[in-house]
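Breakdown of the fold
The primary structure of each chain is shown beneath.
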Amino acid sequence: MLIGDDFNQKCRLLLTRLATLSDNSPDNLVNVEKLNMPFGYDRNEVKSYLEYLKERGFINLRSIGGPLLYGHVSVTKKGLSKAKELSMRKK
């Protein structure tokens, strides 16, 4: 799959929001609907972004179910590090 800048930007947005919603803790589960709320991505988009982030080792898919296929996700330590790096770039 070719990954373009728009795809990467959306993944970055999801990852930084996930870090925030999880209180920067890999132990906290985040509801995918809540994660997606400000973005409004459709089911297939969210699925692609989350699976890509999982393949990169940034998140764990913790439950399946709900309108967006995945119910809950958690951020990994690697994901927290990346989210912090992305936040620093914005400043």
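Because the structure is a prediction, the values reported are computed rather than measured. (Residues numbered from 1 in each chain as written. Predicted model: local features only at pLDDT ≥ 70, side-chain atom pairs only at ≥ 80, totals over all residues. Heavy atoms only, no water.)

**As for the pattern of salt bridges**
What the rule picks out here adds up to six salt bridges. Taking the shortest distance from any N to any O, the salt bridge between D5 and R12 comes out at 3.6 Å. In this structure R12 comes out as partly exposed when scored by relative accessible area, which is 26%. (Salt bridge = Lys/Arg side-chain N within 4 Å of Asp/Glu carboxyl O. Buried < 20%, exposed > 50% of the residue type's maximum accessible area, 1.4 Å probe, protein only.)

**Some details on the side chain of T76**
Along the polypeptide, T76 turns up in the loop between strand 3 (70–75) and helix 4 (77–90). The class for T76 is buried, based on a relative accessible area of 13%. There is a polar contact of 2.6 Å between the side chain of T76 and the backbone oxygen of G57. (Helix = DSSP H or I, 4+ residues; strand = E, 2+ residues; numbered from the N terminus. Polar contact = N/O pair within 3.5 Å; in protein donor to acceptor, adjacent residues only side chain to side chain.)

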